[in-house]
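Single-letter residue listing:
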Amino acid sequence: MRRIHVGNALSAFGLGFTVPYLYVYVAQVRELGATTAGLVLAAFAVAALLVLPFAGRAIVRRGPLPVLLAALVTAALGALSLGLASSAATVLLSAVALGAGQAVMQPALATMIVDCSSAETRSRAFATQFFLQNLGLGVGGLIGGHLVDTSRVSSFTLLFSLEAAVFLLLVVVTATVRMPHAPRIEEAPAASAKGGWRELLGNRAMVQLCVLGFVLFFACYGQFESGLSAYGVEAAGISTSALGTALAANTLMIVVAQFAVLRFVERRRRSRVIAVVGLVWAVAWAAAAYAGLGHGSRTMATAAFVSTYALFGLGEAMLSPTVAPLVADLAPTGMAGQYNSAFALVKQLALAIGPAVGGPMGASLHAPYVVTFLLFSLGISVLALRLGRRLTAVQDHPWGARSRVVARGGAAAEPVTAQA
């Protein structure tokens, strides 16, 4: 588990190292124009949407470790070639390779966490993963920002070469991991890998969770660097430095609150925790409304806008030990890779559609924008409570179910094991 967490941190570090500077690199440093730069950013999402439907089946059949190693090598080659590419065609092909590799890493690593944890320890394991991902993204972005120089192509070549080296280092770290049999919760139904997507779509609870996940990512992550930032600049008059402060407040809240909220999350039903997150994000959008539509001073507007990002961070810290373990616990025996990949696909769809919808609205339709996403946040609470009615006691509240067994004088049931 320690090596897997190191892997998560390194993959996030590599991502944060270059992604914030891709647009500048393609459009200005390589002088390929804004259109090509936009296509490169879109290539990441397209590549993810293309490979994720097949990644889950590969994880089920081959195991998460071989799939992860293949994804890392692909991402390393993509990063290295991106640093050397000088034409639009080679840049786009390199971005596709890098995007595909990075997309497959996450469900593979998530499945490895599932295989190395029990129902009782899974929430803490995924909370640690999310903490290290944000730490890796922040540190990677900070170091990358000090290395790049828009007047020198060689500085970006160095940046992408270092990213490739990080991915190859992760190959060395994870290649030595010996995966155990996957611990499963006692009420997970048995299934073979042959069912594939048809069986997943027949799992009503998983389908509801995917719908809920789409709304979660669409209303939060899909707005961070598009609609919400455009709204802050256009409606609230937020400066670029204040926008950077808001993003830093989001990361800081996650780092500070992650383990503080873990005990609160573990002792409560997962569906109700997600419902609370919807309410927290509704308050965040209300703060954004005050920042852009209120009549306070510039200082008050900036403070409200920064609070919006901080409240989003609090919700994210509550979700990380909740949603990912729930996806794992809904998966039939041996199908965690398929379910993790399906949920990652839903996330990518939301992240692709969110900016396309939120960007224009945030820039020009200020009041409809914040009202729309405030309603989306309240919808998260409704969807979460409806999902809770379909979950078993163990799936919705594994810690509480175990405590009730012990209180009756019995031993907590041993999880069923299966090879992923």
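Residues numbered from 1 in each chain as written. Predicted model: local features only at pLDDT ≥ 70, side-chain atom pairs only at ≥ 80, totals over all residues. Heavy atoms only, no water.

Colleague: Which residues make up the overall build of the protein chain, and what values go with them?
Modeller: Along the backbone of the protein chain there are 19 helices and 2 strands. Out of the 420 residues belonging to the protein chain, those deemed buried represent 54%. Total accessible area on the protein chain stands at roughly 17,300 Å², and carbon and sulfur atoms take up 66% of it. (Helix = DSSP H or I, 4+ residues; strand = E, 2+ residues; numbered from the N terminus. Buried < 20%, exposed > 50% of the residue type's maximum accessible area, 1.4 Å probe, protein only. Areas by Shrake-Rupley, 256 points an atom, 1.4 Å probe, with all protein chains shown as cover.)

Colleague: Can you tell me about the packing of aromatic side chains, naming the residues and giving the values?
Modeller: Aromatic rings in a pair are described by how distant their centres are and how their planes are angled relative to each other. In total, this model carries 16 aromatic pairs according to the counting rule given. Positioned over the ring face of Tyr221 is Lys347, at 5.9 Å from the centre of the ring. (Phe/Tyr/Trp six-rings, centres within 6.5 Å; stacked < 30°, edge-to-face > 60°. Lys NZ or Arg CZ within 6 Å of the ring centre and 35° of its normal.)

Colleague: Go over the pattern of salt bridges, please, and point to the residues and values.
Modeller: All told, the structure shown has 3 salt bridges when counted by the stated rule. Notably, a salt bridge pairs Arg269 with Asp396, separated by 3.6 Å at the nearest N-O pair. You can see Arg269 sitting in the loop between helix H12 (262-266) and helix H13 (270-293) and its partner Asp396 sitting in helix H18 (residues 393-396), a full 127 residues away along the chain. The salt bridge partner of Arg270 is Asp329, with a shortest N-O separation of 2.9 Å. Here Arg270 is found in helix H13, whereas its partner Asp329 is found in helix H15 (residues 323-330), with 59 residues between them in sequence. Asp329 matches Arg270 in its accessibility class, with the two residues each being buried. One continuous salt-bridge network, built from bridges that share partners, spans Arg122, Arg270 and Asp329. (Salt bridge = Lys/Arg side-chain N within 4 Å of Asp/Glu carboxyl O.)

Colleague: Let's hear about the confidence of the model for the protein chain: which residues, and what values?
Modeller: Chain-level statistics for the protein chain give a pLDDT mean of 82 and a share of 90% at 70 or above. No element of the protein chain has a lower mean pLDDT than strand E2 (residues 416-418), at 39, and none a higher one than helix H17 (residues 366-388), at 93. Confidence drops under a pLDDT of 50 for residues 182-194, and excluding neighbours within four residues, the segment shows 45 contacts in the predicted structure. Low pLDDT, under 50, characterises residues 405-420; the stretch is placed with 25 contacts to residues that sit more than four places away or in other chains. (pLDDT = per-residue confidence, 0-100. Contact = heavy atoms within 4.5 Å.)

Colleague: Give me the lowdown on the nonpolar core, citing residues and values where you can.
Modeller: Counting 65 residues, the largest nonpolar core has Met206, Leu209, Leu228, Trp281 and Phe305 as the members making the most contacts within it. Of all the secondary-structure elements, those providing two or more residues to this core are helix H9 (204-219), helix H10 (227-234), helix H11 (240-257), H13, helix H14 (298-319), H15, helix H16 (336-364) and H17. The greatest single-element share of this core, amounting to 11 residues, is contributed by H13. The contact partners of Trp281, leaving out residues within four places of it in the chain, are Leu216, Cys220, Leu311, Phe312, Gly315, Glu316, Leu319, Ser377 and Ile380. Counting 51 residues, the second-largest nonpolar core is a separate cluster that includes Phe13, Val40, Leu82 and Ala125. (Core = buried A, V, L, I, M, F, W, Y, C linked by side-chain atoms within 4.5 Å.)

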